[in-house]
Amino acid sequence: MKFMRLFSAAQQALQSEKGQQAARSALDKAAGAGWQFGQGRHASSVDKLYRAASDFIHKHNPHGGLASGEGPRPVDPPR
């Protein structure tokens, strides 16, 4: 039950510009940490999770995953 409330709150946060920026920033940092921690051994897993999370952000906000005035997001995680 608590998880569903948390999930719902996260979806609602994606409806705001600030929430979108925070989600993208956290996603970039998590992908970078995955790359550093795994030293490239888990590259395909990090890439797969990055794309799935990026798609989730894109799907659950009114601007298609973009802040206003921002161009398309890269598909690959930062390295």
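Each chain has its residues counted from 1, following the order in which its sequence is written. Only residues with pLDDT of 70 or above have their local features reported here, since the model is predicted, and side-chain atom pairs are shown and tallied only from 80 upward, although totals for entire chains, interfaces and linings are computed over all residues. To obtain the side-chain values, all non-hydrogen atoms of the structure were used and water was disregarded.

Draft legend 1. Up close: the overall build of the protein chain. Along its length, the protein chain carries 3 helices and 0 strands. N-terminal to C-terminal, the α/β element order of the protein chain is α-α-α. Buried residues in the protein chain amount to 22% of all 79 residues. Two residues qualify as a contact provided that any one of their heavy atoms is within 4.5 Å of a heavy atom in the partner residue. A fraction of 72% describes how many contacts in the protein chain between residues 6 or more apart in sequence connect residues 24 or more apart. Within the structure as shown, the protein chain displays about 5,700 Å² of accessible surface, and the carbon and sulfur contribution to it stands at 61%. Working definition: helices are DSSP H or I runs of at least four residues, strands are E runs of at least two. Numbering for both runs from the N terminus. The rule is simple: take the accessible area with a 1.4 Å probe, protein chains only, and divide by the maximum for that residue type; under 20% is buried, over 50% is exposed, in between is partly exposed. Residue-level accessible areas treat just the shown protein chains as cover; the underlying method is Shrake-Rupley with a 1.4 Å probe.

Draft legend 2. How the structure looks around a nonpolar patch on the surface. The residues that make up patches have over 30% relative accessible area and no salt bridge, and they are joined within 9 Å when like-charged or within 5 Å when they are Val, Leu, Ile, Met, Phe, Trp or Tyr. For this document, the term salt bridge refers to a Lys or Arg side-chain nitrogen within 4 Å of an Asp or Glu carboxyl oxygen. A surface patch of nonpolar side chains, amounting to about 330 Å² of accessible area, comprises Phe3, Met4 and Phe7. Within the fold, Phe7 resides in helix H1 (residues 2–13). Taking the relative accessible area as the measure of exposure, Phe7 reaches 33% and is therefore partly exposed.

Draft legend 3. Fine view of the confidence of the model for the protein chain. Overall, the prediction assigns the protein chain a mean pLDDT of 78, with 75% of residues at 70 or greater. Of all secondary-structure elements in the protein chain, the lowest mean pLDDT belongs to H1, at 85, while helix H3 (residues 43–59) reaches the highest, 88. Values of pLDDT, the confidence the predictor places in each residue, fall between 0 and 100.

Draft legend 4. Examining the nonpolar core more closely. Among buried residues, those of type Ala, Val, Leu, Ile, Met, Phe, Trp, Tyr and Cys that are joined through side-chain atoms within 4.5 Å constitute a nonpolar core. Leu14, Leu27, Ala31, Val46, Tyr50 and Ile57 form the largest nonpolar core, which has 6 residues in total. Sort the elements by how many residues they give to this core and H3 lands first, with 3 residues. Dropping the residues within four chain positions of it, Leu27 is found in contact with Tyr50, Ala53, Ser54 and Ile57.

Draft legend 5. Region of interest: helix H2 (residues 17–38). End to end, H2 covers 32 Å across 22 residues, agreeing with the expected 32 Å (1.5 Å per residue, within 8%). Of all the residues in H2, the buried ones are Gly19, Gln20, Arg24, Leu27, Ala31 and Gly38. Across the axial projection of H2, the buried residues extend over an arc of 135°, all falling on one side. In H2, the exposed positions angled more than 90 degrees off the buried face are occupied by Lys18, Lys29, Gln36 and Phe37. Packing partners of the buried residues in H2 comprise H1 and H3. Positioned one or two residues after H2, Gln39 has a phi angle of 50°, which is positive. A helix is expected to reach a length of 1.5 Å times the quantity of its residues less one. The arc under discussion is defined with respect to the helix axis, by the directions toward the C-beta atoms.

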